[in-house]
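Take a look at the letters that make up each chain.
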Amino acid sequence: MSVEETLILGGGLAGLAAGWALAQAGRRVQVLEGADEVGGLARTVARDGFRFDLGGHRFFTHDARVEGFMRDLFGDDLVTVARASRIYLRGKWIEYPLRPLGALSGVGPITSARILLGYAAANLARRLRPAPLVSLQDWVVAHFGRPLFELYFRDYSEKVWGVSCRDISAEWMAQRVQGLSLGSAIRHAFLRRGAALPTLVDRFLYPRLGIGSIAERLRAGIERSSPIATGTRVVRLRHDGRRIEGVTVRRGDEMHELRGESFLSTIPLTQLIQALSPHAPVEVRAAAARLRYRDLVIVAVMLERERATDQTWIYFPGKDIPFGRLHEPTNWSAAMAPPGRTLLVTERFCFRGDATWNAADAELIDATVHHLEKLGFIRRREVLDGMAVRIPAAYPLFEVGYQERGRVLCDYLGRFENLQLAGRGGLFRYYNMDQAISSGLAAAAALLARDTRMPAAAAAGGAP
Ligand SMILES: Cc1cc2nc3c(=O)[nH]c(=O)nc-3n(C[C@H](O)[C@H](O)[C@H](O)COP(=O)(O)OP(=O)(O)OC[C@H]3O[C@@H](n4cnc5c(N)ncnc54)[C@H](O)[C@@H]3O)c2cc1C
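Residues numbered from 1 in each chain as written. Predicted model: local features only at pLDDT ≥ 70, side-chain atom pairs only at ≥ 80, totals over all residues.

Not every one of the 35 residues close to the ligand is listed here, only the nearest: G10, G12, G40, G55 and G423. Those elements that provide at least two residues to the shell around the ligand are α1 (13-24), β10 (233-239), α14 (424-427) and α15 (433-450). Here the residues of the shell around the ligand are counted per class, giving 16 nonpolar, 13 polar and six charged. (Near = placed C-beta within 6 Å. Helix = DSSP H or I, 4+ residues; strand = E, 2+ residues; numbered from the N terminus. Nonpolar A, V, L, I, M, F, W, Y, C, P; charged D, E, K, R; others polar.)

Laid out in structure tokens, this is it:
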């Protein structure tokens with residue numbers, strides 16, 4: 001049995017950022033990561049000179065503390081990528097964000113007119129007859145109009161989430177678009193006025209060797225003073241009703257007991273509840289059982305050709321195409337493939353245990369190649385290799401009623417005085433990387449502030 005000051009559950013960006021800040025402040029920490037590498041959702045897979053993220057990850061932040069943190073980590077060692085994305089809609093390519101000509105030639109003048117009329121009608125209806133907006137469908141129809149909902153949002157959202165738009169919470173949509181309205185998208189596209197909206201940023205920073213470099217650099221920083229245990233899965237948290245006393249971890253076939261003074265969890269919130277020993281009360285477990293995550297299968301296809309697209313992302317709302325989005329990593333950084341070669345990386349949204357999740361890798365790769373060829377991106381004879389990566393709990397699933405369930409869990413967990421939560425799955429929030437990092441830094445700062453043994457300067461800081 002070993003005892004560390006702080007045990008950090010999960011070595012994604014939230015856990016690593018917290019570990020980095022605590023280690024910088026002189027605190028003994030141990031990061032426990034179930035996978036064989038750190039980075040979680042923001043890791044980069046490498047094989048035979050090809051590299052890819054688990055879905056292209058662009059870094060963008062409005063948070064000065066996180067921006068400073070990235071500059072400390074990378075200095076000038078980041079490339080700037082110009083965003084270029086398209087939607088493949090009913091056999092046509094539409095530029096996104098909207099450009100006047102692209103939007104018109106993409107859907108045609110009649111559909112464009114229907115969209116604008118639907119938007120005007122929705123705005124009027126919202127002013128005259130304001131109604132409660134419960135679901136994603138309510139929210140999008142009220143803000144964008146029914147034609148745009150039916151043309152784009154419905155199919156894409158149902159593909160991503162795997163449930164009807166009537167069952168997805170409106171609150172999530174409002175959070176996600178962060179002030180984006182069709183009006184502001186159009187103003188941005190036509191007039192280029194006003195501050196760039198987070199969802200429409202034209203340029204972003206990217207590490208030359210993939211987004212996983214952030215986690216690798218954090219790992220190196222932490223390991224100067226503290227251990228990171230990969231391949232170490234937390235299966236049980238022992239508690240006395242007031243404090244967490246220790247965790248049980250599985251490493252290969254062996255179980256180990258670890259004790260700590262404080263605990264920071266970034267593993268999926270529902271998994272944390274399930275791992276508590278003694279069990280959480282029945283109503284807490286019932287709420288946890290009704291909070292779900294959406295899982296993801298990434299299928300990458302390595303190619304004997306220079307480039308297949310000129311895009312950063314391409315979206316596929318149509319149900320006839322099995323993937324919802326693809327990206328070409330060499331359009332982000334040329335270092336992501338050997339010279340003269342490239343790769344396409346597709347995202348298939350699914351639930352663990354469904355037909356996609358359970359399909360054999362060869363079957364997933366074959367179907368992906370088939371559709372990429374049909375779309376005109378590649379020829380089958382150019383395919384050098386393929387790879388499927390399964391990612392559990394990629395997205396918290398914001399079903400109607402999720403806030404109440406989340407609140408039950410957080411209220412219960414609030415009783416543990418030496419437990420902090422952080423991160424996307426850990427807090428059940430739709431966090432981007434900057435927010436995951438920020439939540440890790442905030443949790444570290446809270447731990448330091450609480451620790452009366454730390455010098456005052458370290459307690460006030462937290463971020464490197
Ligand atoms: C397809 C996709 C595209 C994205 N694109 C972007 C983007 O362009 N820009 C952006 O800013 N963000 C993007 N994100 C979001 C970004 O990936 C996350 O915000 C961020 O990586 C979350 O970090 P985290 O540490 O909170 O969670 P995670 O990365 O989920 O980390 C949790 C860690 O806990 C580990 N774990 C789980 N259970 C256990 C256990 N029992 N014991 C031990 N370890 C365990 C996991 O293996 C994982 O490493 C994207 C996400 C996805 C899925």
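Here the narrative resumes.
Glancing now at the sheet that holds strand β18 (residues 383-397). Pairing is mixed across the open sheet formed by seven strands, whose spatial order is β7-β6-β15-β16-β17-β14-β18. Sheet topology places β7 (92-96) and β18 at the edges, where each strand pairs with a single neighbour. Strand-to-strand twist across the sheet, computed as the mean angle between neighbouring axes with direction ignored, equals 20 degrees. Of the strand pairs in this sheet, strand β14 (residues 292-303) and β18 are connected by eleven bridges, and their pairing is antiparallel. Following the sheet pairing, V299 is matched in β18 by A388. Seen against the sheet, helix α12 (residues 361-374) touches β14, β17 (342-350) and β18 and runs at an angle of roughly 65 degrees to β14. (Pairing = 2+ DSSP bridges. Axes fitted to C-alpha atoms, helices over the stretch in contact; angles between N-to-C directions. Contact = placed C-beta atoms within 7 Å.)

Here the focus is the pairing of strand β2 (residues 29-32). On any regular strand, side chains alternate: one points to one face of the sheet, the next to the other face. Burial of the side chains of β2 extends over both faces: V29 and V31 are buried on one face and Q30 and L32 on the other. In terms of strand pairing, β2 meets strand β9 (residues 228-229) through two bridges, oriented parallel. Counted as the bridge partner of V31 is I228 from β9. (Buried ≥ 20, exposed ≤ 12 C-beta atoms within 10 Å, placed from the backbone.)

Across soluble globular proteins, you tend to see nonpolar side chains buried next to one another. With 124 residues, the main nonpolar core has L13, A17, A18, V301 and L343 as its most contacted residues. Domain assignment of the residues forming this core places at least three in each of domain 1 (2-40 + 208-291 + 399-460) and domain 2 (86-200). Dropping the residues within four chain positions of it, A17 is found in contact with L218, I437, G440 and L441. (Core = buried A, V, L, I, M, F, W, Y, C linked by C-beta atoms within 7 Å. Domains from an automatic or database assignment.)

Let us look at the environment of P147. If you trace the backbone, P147 turns up in helix α5 (residues 146-161). When residues no more than four places from it in sequence are discounted, the contact partners of P147 are R114, I115 and G118.

A residue-level look at the protein finds 88% of positions with pLDDT of 70 or above and a mean pLDDT of 88. Overall, residues 452-464 carries pLDDT values under 50, and its contacts beyond four positions in sequence, including any with other chains, amount to 24 contacts. (pLDDT = per-residue confidence, 0-100.)

Turning our attention to the pairing of β10. In this structure, β10 lies alongside strand β11 (residues 244-251), joined through six bridges in antiparallel fashion. Looking across to β11, one finds that H239 is bridged to I244. What sits between the antiparallel neighbours β10 and β11 is a turn of four residues, in which G241 has the positive phi angle 95 degrees. In this sheet, strand β13 (residues 276-277) lies alongside β10 in parallel orientation, the contact comprising two bridges. Within β13, the position partnered with L237 by the bridge is L276.

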